[in-house]
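Structural overview for review
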Amino acid sequence: MQHYFASINSGNVLLSSSDQHHLLHVMRMKVGDRIIAIDEKKEHLAEIKNISPLIIEVLETLETNNELKSKVTLLYCLSKGDKIEFVIQKATELGVSRIALVSSKYCITKIDNQSFNKKLPRYLAIAKEASEQSHRQIIPEIVGVYDINKIPSELLSDINYVAYEKNDDNPTLEVNDKSVSILIGSEGGFDPREIDNLEKKGFKSISLGKRILRTETAAVYALSVIGYLLER
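**Remarks on the overall build of the protein**
A count of helical and extended segments in the protein gives five helices and 12 strands. Over its C-alpha atoms, taken along the principal directions, the protein stretches across nearly 60 × 40 × 30 Å. Here the protein holds 232 residues, and the buried ones make up 47% of them. Summarising the internal contacts of the protein: among those between residues at least 6 apart in sequence, 70% fall at separations of at least 24. Of the accessible surface of the protein, which amounts to about 12200 Å², a share of 46% is contributed by carbon and sulfur atoms. Both charge centroids of the protein, one from 30 positive and one from 32 negative side chains, sit 4 Å from each other.

Dropping the structure here:
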């Protein structure tokens, strides 16, 4: 069943103009067809009662929760090409609550906050579509861009990890019911001084295995492990 983030007013579902277009002209729904409308983190079963004007009425509120039991933040260093958009999509599907873009010494791509603000509507659209596709009750928050040496405390969690390919101790991810943040580096990796600074701020340096992963693969892998550990 198609999911849409919407507003509920007096039992009626109010969709954005783009979602109305998608419902009527892409999905070609008709009177009697049903959707799931998500408002205030709650899912509502609703039915199309009229096409022009479009009237969608709530039938019942559902007791559904597809979110991870702990808040997960992805701190993702700027990467080249369309990797940021790919990671936003997959991180959303994997249940993150927040995505923050980070600038580090070896980032090939450089995005300042003005450029980020121009890209943000696109990023949010990707996250919204991914949330609907994966039947989530929230759309992740997307923020940035932060210098790796000046990550604000509000982006930190109860547990904070940084994936570091030169870690010799080979510790792995451990999560419980506490909130967790995971920092993934860019194509160029991290400067050792960045790791030292992060560890002073309470980050734990971990390994994602013996193989060197692409930045986008590392993000998906780490979040998959975190999701598994939280839901096992």
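**Here we look at unusual backbone geometry**
With omega at 0 degrees, the peptide bond leading from Ser52 into Pro53 counts as cis. With an omega dihedral of 0 degrees, the bond running from Gly144 to Val145 counts as a cis peptide bond. Tracing the backbone shows Val145 in strand β9 (residues 141–147). Here the phi dihedral of Glu40 falls at roughly 55 degrees; this positive angle occurs in a residue that is not glycine. Here Glu40 shows up in the loop between β4 (34–39) and β5 (42–50).

**Quick word on the nonpolar core**
Nonpolar side chains in soluble globular proteins generally cluster together in the buried interior. Counting residues in hydrophobic clusters, the biggest one holds 53 residues, and the most contacted among them are Leu74, Ile182, Leu183 and Ile184. Those residues in contact with Leu74 that lie beyond four places of it in its chain are Val87, Ala91, Val96, Arg98, Ile99, Ala100, Ile182, Ile184 and Leu223. Tyr4, Leu15, Ala37 and Ile48 belong to the second largest nonpolar core, which has 11 residues in total.

**Side note on the packing of aromatic side chains**
Throughout the structure, instances matching the rule amount to two aromatic pairs. Between Phe116 and Tyr123 the ring centres are 6.2 Å apart and the planes differ by 45 degrees, which places this aromatic pair in the tilted class. Classification of Phe116 by relative accessible area gives buried; the value is 3%. Of the residues examined, Tyr123 reaches a relative accessible area of 4% and is grouped as buried.

**Points about the side chain of Asp191**
Relative to the helices and strands, Asp191 is located in the loop between β11 (180–184) and α4 (192–200). If near-sequence neighbours (up to four positions away) are discounted, Asp191 is found in contact with Lys105 and Tyr106.

**Topic: the packing of helix α2 (residues 83–93) against helix α3 (residues 113–133)**
Where α2 meets α3, the axes come as close as 8 Å, and the angle between the chain directions of the two elements is 30 degrees. Both α2 and α3 take part in a crossing whose hand is right-handed. Residues Ile84, Glu85, Ile88, Gln89, Thr92 and Glu93 of α2 lie in contact with α3, whose contacting residues are Arg122, Tyr123, Ile126, Ala127, Ala130, Ser131 and Gln133. Looking at side-chain class alone, the contact of α2 with α3 contains six nonpolar, four polar and three charged residues.

**Side note on the side chain of Glu216**
Its location among the elements puts Glu216 in helix α5 (residues 215–231). Note on Glu216: relative accessible area 15%, which makes it buried. Setting aside residues no more than four positions away along its own chain, Glu216 makes contact with Tyr76, Lys83, Phe86 and Val87.

**Notes on the layout of surface pockets**
Taken as a whole, the largest pocket spans an internal volume of roughly 370 Å³. If you trace the largest pocket, you find 23 residues lining it, with Ala163, Glu165, Ile212, Leu213 and Ala218 closest to the centre. Looking at the lining of the largest pocket residue by residue, the class counts come to nine nonpolar, eight polar and six charged. Estimates place the volume of the second largest pocket at around 210 Å³. Residue lining of the second largest pocket: Gln2, Tyr4, Ser18, Asp19, His22, Ala125, Lys128, Glu129, Glu132 and Gln133, and that is the complete set.

Reading guide: rules and limits
- Residues numbered from 1 in each chain as written.
- Predicted model: local features only at pLDDT ≥ 70, side-chain atom pairs only at ≥ 80, totals over all residues.
- Heavy atoms only, no water.
- Helix = DSSP H or I, 4+ residues; strand = E, 2+ residues; numbered from the N terminus.
- Buried < 20%, exposed > 50% of the residue type's maximum accessible area, 1.4 Å probe, protein only.
- Contact = heavy atoms within 4.5 Å.
- Areas by Shrake-Rupley, 256 points an atom, 1.4 Å probe, with all protein chains shown as cover.
- Lys, Arg positive; Asp, Glu negative; His and termini not counted.
- Charge placed at Lys NZ, Arg CZ, Asp CG, Glu CD.
- Core = buried A, V, L, I, M, F, W, Y, C linked by side-chain atoms within 4.5 Å.
- Phe/Tyr/Trp six-rings, centres within 6.5 Å; stacked < 30°, edge-to-face > 60°.
- Axes fitted to C-alpha atoms, helices over the stretch in contact; angles between N-to-C directions.
- Left-handed = near helix turned anticlockwise from the far one by under 90°.
- Nonpolar A, V, L, I, M, F, W, Y, C, P; charged D, E, K, R; others polar.
- 1 Å grid on protein atoms, 1.4 Å probe; cavity = no way out; pocket = protein on both sides within 12 Å on 5 of 7 lines; lining within 4 Å.
- Points joined across faces, edges and corners; volume = space filled by probe spheres on them.

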